[in-house]
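What follows is the residue order along each chain.
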Amino acid sequence: MNASPPRYPNAALIGGQWVTGPDTFPVIDPATGAEVGRVPDLGAAETKTAIDAAEAALPAWSKKTAKERAQILKRWFDLVTADTEHLAQLMTAEQGKPLAEARGEVAYGASFIEWFAEEGKRAYGRTIPTTAAGKRYITIKQPIGVVAAIAPWNFPIAMITRKVAPALAAGCTVVVKPAEDTPLCAIAIAKLALDAGVPPGVFNVITTANAPAVGKVLCEDSRVRKLSFTGSTEVGKALYRQCASNVKKLTLELGGNAPLLVFDDANLEQAVAGAMASKYRNAGQTCVCANRILVQSGIYDRFAEALAAEVKKLKVGPGRDAGVVIGPLINADAAKKVDGLVRDAVGKGAKVIVGGSPAAAGPLFYQPSVVTGVTPDMTIVHEEIFGPVAALIRFETDEEAIRIANDTPFGLAAYLFSQNLGRAWSVAEALDAGMVGVNEGLFSNETVPFGGVKESGLGREGAAEGLDEYLETKFICLGGIAS
Ligand code: ADP
């Protein structure tokens, strides 16, 4: 199958029109270095035009009934689902993840469309008991307006639908800026939205190799009433500052440094399975991947050995090859960073028990690795690894584990493994994190709120909370009522 099939244009989308130039930039297959396609390199002027289009489309879209919008979103869900194989191939080509994971992401991405199609019908307001005989109090929920979404490359479909589906369900219109590494999936998803009946201008896509220029317009144009961003904390903070100029509402899904705690009383098999699921998915390139694996002394050696045995089985290679579970990293910077973190740790006394160096499959591949004896002076403890490397830290007491786990400016995901319900509950409460997996390494889905505390971000995506992010609450006081 052609990696960039003609049924999806290699073009940006503004006001229902496909825009192809004049300048373009390449999209590269990280497994091979080959060009998968070229997309337009747009700038500030086209971003303004896209905001114009979103603004023009807003009144008619927001006036549709929630049920009408839901019907269109349901059709969009059906079209995405029906084209799973094709979308998965496209994703593997531009992002590198194994095909099985890409298929899983299409389903995950589509699930947000289905969920918010349904949830949009339940944007309820309230009636509030009055404090004065002649008055009645009501709240209604209204769409916030034009929304900008800036998305990352690690989930090229799901991170778009997790923003666009609730925005559209709420009655907002959107301008999306996909990551420069993975614009093709965003374009494909937008094309299917158009095919499903999303009107021109409701869903716009600006492709660019100059993210700061486009980002500045999206942040500083006061017609954009909301920015939803997923990416690094550094960029998130810059966008937060830019959005202050017009007090724009923000959802920020930023970096993580997830601790995964394995207590002496954990079920070893369960803990290893959880660590594998959390750590090695997408070659370790998710913001909820376990970054620091804290293991209690009594189980440390057994856990390390059992984890190493599983990691040795992971097949590395191009995502399109059968049986591959670890694809390439996204680009040369990522590969260099992962190798640098391992070298730093080893230089400071850590021990590599599996992997520990780049893999033979190509310049962007890294061996799935396990490093033991990790201590707080090592950079790997403080930075998001974003690669297939497990860093094991030893601890003695619950208090020590909680202190180490919380000793970070981040607070996105955390995991703990223990068969003691009381301990699991109290540790879950004590962890500074927006999400905690107890005896579970995978928890993201469309029905639950995803998001972080501290410098991991603001707001939540998915669930009822994810719809609320695109709604304003208006209080109406009805006076003059005869009592
Ligand atoms: P990562 O390090 O995972 O690539 P980034 O935060 O750099 O994360 O990228 C996430 C998204 O933010 C991408 O779509 C990228 O193009 C975009 N981006 C990067 N820098 C800026 C910026 N200054 N303004 C707006 N968007 C940006």
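The structure under discussion appears in the preceding block.
Residues numbered from 1 in each chain as written. Predicted model: local features only at pLDDT ≥ 70, side-chain atom pairs only at ≥ 80, totals over all residues. Heavy atoms only, no water.

Asker: An account of the pairing of strand β10 (residues 224-230) is requested, with residue identities and associated values reported.
Answerer: Most of β10 sits out of view: six of its seven residues are buried. Pairing analysis gives five bridges linking strand β7 (residues 146-150) to β10, with the strands arranged parallel. Residue pairing across strands places valine 147 opposite lysine 226, the latter belonging to β10. The sheet contact formed by β10 and strand β11 (residues 249-253) spans five bridges and is parallel. Bridge pairing in β11 places leucine 227 opposite leucine 250. Considered for its hand, the β-α-β crossover made up of β10, helix α8 (residues 233-243) and β11 is right-handed. (Buried < 20%, exposed > 50% of the residue type's maximum accessible area, 1.4 Å probe, protein only. Helix = DSSP H or I, 4+ residues; strand = E, 2+ residues; numbered from the N terminus. Pairing = 2+ DSSP bridges. Right-handed = clockwise from strand over helix to strand, strands pointing away.)

Asker: Tell me about the side chain of glutamate 105, and name the residues and values.
Answerer: Along the chain, glutamate 105 falls in helix α4 (residues 99-119). For glutamate 105, a relative accessible area of 2% gives the class buried. Among all residues touching glutamate 105, those that are not within four sequence positions of it are Met91, Lys97, Asn154, Phe155, Pro156, Ile157 and Ala158. (Contact = heavy atoms within 4.5 Å.)

Asker: Tell me about the site of the ligand, residues and numbers included.
Answerer: In the vicinity of the ligand there are 16 residues, among which Ala151, Trp153, Lys177, Glu180 and Ser232 approach most closely. With respect to the ligand, the side chain of tryptophan 153 contributes an N or O atom lying 3.1 Å from an oxygen atom. Take serine 232: an N or O atom from its side chain is 2.7 Å from an oxygen atom of the ligand. Contributing elements (two or more residues each) for the shell around the ligand: α7 (211-220), β10 and α8. A per-element tally of the shell around the ligand places α7 first, with three residues. For the shell around the ligand, a count of residues per class yields ten nonpolar, four polar and two charged. (Near = heavy atom within 4 Å. Polar contact = N/O pair within 3.5 Å; in protein donor to acceptor, adjacent residues only side chain to side chain. Nonpolar A, V, L, I, M, F, W, Y, C, P; charged D, E, K, R; others polar.)

Asker: Describe a nonpolar patch on the surface, listing the residues and the values that go with them.
Answerer: On the surface, Ile140, Ile476 and Leu478 cluster together to form a nonpolar patch covering roughly 210 Å² of accessible area. For leucine 478, the location among the structural elements is in strand β22 (residues 471-478). (Patch = residues over 30% accessible without salt bridge, like charges linked within 9 Å, V, L, I, M, F, W, Y side chains within 5 Å. Areas by Shrake-Rupley, 256 points an atom, 1.4 Å probe, with all protein chains shown as cover. Salt bridge = Lys/Arg side-chain N within 4 Å of Asp/Glu carboxyl O.)

Asker: Describe the packing of helix α9 (residues 268-280) against helix α10 (residues 297-311), with residues and values.
Answerer: Packing of α9 against α10 brings their axes to within 10 Å, and their N-to-C directions diverge by 55°. One element, α9, and the other, α10, form an angle in the oblique class. In the crossing of α9 with α10, the sense of the turn from one axis to the other is right-handed. Across the interface between the two elements, Leu268, Ala271, Val272, Ala275, Met276 and Tyr280 of α9 pack against Ile299, Arg302, Phe303, Ala306, Leu307, Glu310 and Val311 of α10. Of the residues contributing to the contact of α9 with α10, the split by class is eleven nonpolar, no polar and two charged. (Axes fitted to C-alpha atoms, helices over the stretch in contact; angles between N-to-C directions. Parallel < 35°, antiparallel > 145°, perpendicular 65-115°, else oblique. Left-handed = near helix turned anticlockwise from the far one by under 90°.)

Asker: Please give an account of the packing of helix α2 (residues 66-82) against α4 that cites residues and values.
Answerer: Packing of α2 against α4 brings their axes to within 8 Å, and their N-to-C directions diverge by 165°. Taken together, the axes of α2 and α4 lie roughly antiparallel to each other. The two elements α2 and α4 meet at a crossing, and its hand is left-handed. The residues of α4 that touch α2, namely those facing Ala70, Leu73, Lys74, Trp76, Phe77, Val80 and Thr81, are Val106, Ala110, Ser111, Ile113, Glu114, Phe116 and Ala117. For the contact of α2 with α4, a count of residues per class yields ten nonpolar, two polar and two charged.

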